[in-house]
Amino acid sequence: MRQFYSLFFSILFFTLNSQTLTQSFNEPVVGDIDKLYRLDTSAYTSGLPVNTTGNTCIWNYSNLLGSFPLVVDSFVAPSAAIGATANPGTTFAQHRDLLYTFYKSTTSPSQTELLGAYSPSLTLTFTNSAIIATYPVNFGYNLADPVSGSFKYNTTTGACNGNITISAPGSGTINFPNNISIPNVLCLKSVEILTLSVGIAPLGTFKQTIYNYYMPGKKFPILNINYTTYGLLGNPPTTTAYIYGSNNYYVAVGIDKNTLSKEDYRVYPNPFHERLYLTTENKNENEFLLYSLNGKLLAQEKSLDNLKTENLDAGIYILEIKNESGTYHQKIIKE
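Analysis parameters
Residues numbered from 1 in each chain as written. Predicted model: local features only at pLDDT ≥ 70, side-chain atom pairs only at ≥ 80, totals over all residues. Heavy atoms only, no water. Salt bridge = Lys/Arg side-chain N within 4 Å of Asp/Glu carboxyl O. Helix = DSSP H or I, 4+ residues; strand = E, 2+ residues; numbered from the N terminus. Phe/Tyr/Trp six-rings, centres within 6.5 Å; stacked < 30°, edge-to-face > 60°. Buried < 20%, exposed > 50% of the residue type's maximum accessible area, 1.4 Å probe, protein only. Lys NZ or Arg CZ within 6 Å of the ring centre and 35° of its normal. Pairing = 2+ DSSP bridges. Axes fitted to C-alpha atoms, helices over the stretch in contact; angles between N-to-C directions. Core = buried A, V, L, I, M, F, W, Y, C linked by side-chain atoms within 4.5 Å. Disulfide = S-S within 2.5 Å. Contact = heavy atoms within 4.5 Å. Lys, Arg positive; Asp, Glu negative; His and termini not counted. Polar contact = N/O pair within 3.5 Å; in protein donor to acceptor, adjacent residues only side chain to side chain. pLDDT = per-residue confidence, 0-100.

(A) Broad picture of the pattern of salt bridges. Scanning the model with the defined rule gives 4 salt bridges in all. Lys219 is the salt-bridge partner of Asp32, the closest N and O atoms lying 2.5 Å from each other. Of this pair, Asp32 sits in the loop between α2 (23-26) and β2 (33-40) while Lys219 is found in the loop between β13 (201-214) and β14 (223-232), placing the two residues 187 residues apart along the sequence. The salt bridge partner of Asp305 is Arg275, with a shortest N-O separation of 3.1 Å. Residue Asp305 is located in the loop between β19 (297-301) and β20 (315-323), and its partner Arg275 is located in the loop between β16 (266-268) and β17 (277-279); the two are separated by 30 residues in the primary sequence. The network of salt bridges with common partners includes Arg275, Asp305 and Glu310.

(B) Spotlight on the packing of aromatic side chains. Under the definition given, this model contains 7 aromatic pairs. Here Phe75 and Phe92 contribute two aromatic rings whose centre-to-centre distance is 6.0 Å and whose plane-to-plane angle is 65 degrees, an arrangement assigned as edge-to-face. Within this pair, whereas Phe75 is found in strand β4 (residues 65-76), its partner Phe92 is found in strand β5 (residues 92-96), the two being separated by 17 residues in sequence. For Phe75, a relative accessible area of 2% corresponds to the buried category. An aromatic cluster of three or more residues is present, and its members are Tyr44, Trp59, Tyr61 and Tyr213. A cation sits over an aromatic face here: Arg96 above Tyr244, 5.4 Å from the ring centre.

(C) Here's a closer look at the sheet that holds β20. Reading across from one edge, β19-β18-β20-β21 is the order of the 4 strands in this open sheet, with antiparallel pairing throughout. Each edge of the open sheet carries a strand with a single partner, namely β19 and β21 (326-334). Each adjacent strand pair in this sheet contributes to an overall mean axis angle of 20 degrees, direction not counted.

(D) Region of interest: the nonpolar core. Core analysis: the largest hydrophobic core is formed by 31 residues, its most contacted members being Leu114, Leu124, Phe126 and Leu188. The set of elements that each furnish at least two residues to this core consists of β8 (122-134), β10 (142-153), β11 (156-176), β12 (180-198) and β13. Here this core takes 7 residues from β8, the largest share from any one element. Counting 21 residues, the second-largest nonpolar core is a separate cluster that includes Leu39, Leu48, Trp59 and Met215.

(E) Main features of the pairing of β8. Taken together, the 7 bridges between strand β7 (residues 110-118) and β8 define a ladder with antiparallel strand orientation. Counterpart to Glu113 in the pairing with β8 is Ile131. If you look at the hairpin formed by β7 and β8, you'll find 3 residues sitting between the two strands. The sheet contact formed by β8 and β10 spans 6 bridges and is antiparallel. Paired with Asn128 across the strands is Ser148, a residue of β10.

(F) Focus on the state of the cysteines. Enumeration according to the criterion identifies 0 disulfides in this entry. As a non-bridged cysteine, Cys187 has Cys57 as the owner of its nearest cysteine sulfur, 7.7 Å distant.

(G) Fine view of the environment of Phe176. Considering the arrangement of structural elements, one finds Phe176 in strand β11. C-alpha separation for the pair Phe176 and Trp59, spaced 117 residues apart in sequence, amounts to 8.9 Å.

(H) Structural context of unusual backbone geometry. The peptide bond linking Tyr135 to Pro136 adopts the cis configuration, its omega dihedral lying at 0 degrees. Positionally, Pro136 belongs in the loop between β8 and β9 (137-138). Residue Pro271 is bonded to the preceding Asn270 through a cis peptide linkage, with omega at 10 degrees. Topologically, Pro271 is positioned in the loop between β16 and β17. In this model, Asp97 sits at a positive phi of 55 degrees, which is unusual for a non-glycine residue. Tracing the backbone through its elements, the reader meets Asp97 in the loop between β5 and β6 (99-107). The exposure class assigned to Asp97 is exposed, which follows from its relative accessible area of 54%.

(I) Geometry of the environment of Pro78. Along the chain, Pro78 turns up in the loop between β4 and β5. The exposure class assigned to Pro78 is partly exposed, which follows from its relative accessible area of 25%. Contact partners of Pro78, with chain neighbours within four places excluded, come to Ala84, Thr90 and Thr91.

(J) Structural view of the side chain of Glu27. Inspection of the secondary structure assignment puts Glu27 in the loop between α2 and β2. Despite being buried, Glu27 has no salt bridge partner; Lys219 is the closest side chain of opposite charge, sitting 8.4 Å away. Engagement of the side chain of Glu27 in a polar contact is seen with the side chain of Thr112, the distance being 2.4 Å.

(K) Spatial organisation of the confidence of the model for the protein. A residue-level look at the protein finds 87% of positions with pLDDT of 70 or above and a mean pLDDT of 84. Low confidence marks residues 1-18, where pLDDT is under 50. Its contacts with residues over four positions away, or in another chain, come to 94 contacts.

See the structure below:
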């Protein structure tokens, strides 16, 4: 049940274009894929700046670190999702690991509904589905909707009731490692409360609060912060935190610690004018990836020469070297 909580509501929100979310541009479609990395927040001993609100926010996440493996969310047709028959009206399903979550898209009214979820240990079917977005969405947005239905936890069945509250309490600039600042970011906050009961007896409750940060023109959040408190009958409440960053911006959010030794790889000259060179005694076959500071992949080649660095504009870039032994990153400067 703990795994279900950590996954189920972490995927309620999807997208943003500038400061406005629209259904035609932002709602997921079958075939979409989002790749995420788990982030390390140990540098934030006093907590993350999630309570910063207003329309001129500055969120400092410059000390985030990341780790493997990838977490992959894929959006599939109902016919490809386990448990879809229990959720008629599903437009698309989100698949992560062993979890499928079911959504319904409507254009009149323009909104996205949460219909239910399936995992091997727990399934939820909402007869009163949760509206998780009415479009457009921008700063100051608020939505509260009740949700109710049934659940099956292993061999136990019962009713589930609660509510979902969604708001957009902040917009502004987000700071990431490598001195990167991204403006026009919107923060969406969701609070989900559910009670599971068998007859008149409660089985368990949980509350989950999620913060998603979206930059202009991108479909999925660049940062997702998930706090969950849950308790089964007879047990003390347990709180967990899961922090994820999109792999499209792994350079920006400090993801992918070097697993190859810096002493084994020397990229020179740095700064450089035209070409880069590599000195290494490692005999593995290398792959070279070049990124802009905002995490955009510019080139991917088997040879450093083929990156065509002489054609780059002056500026700062990230060079990634990968082989079967690991990964190495280096900031490079083109003069």
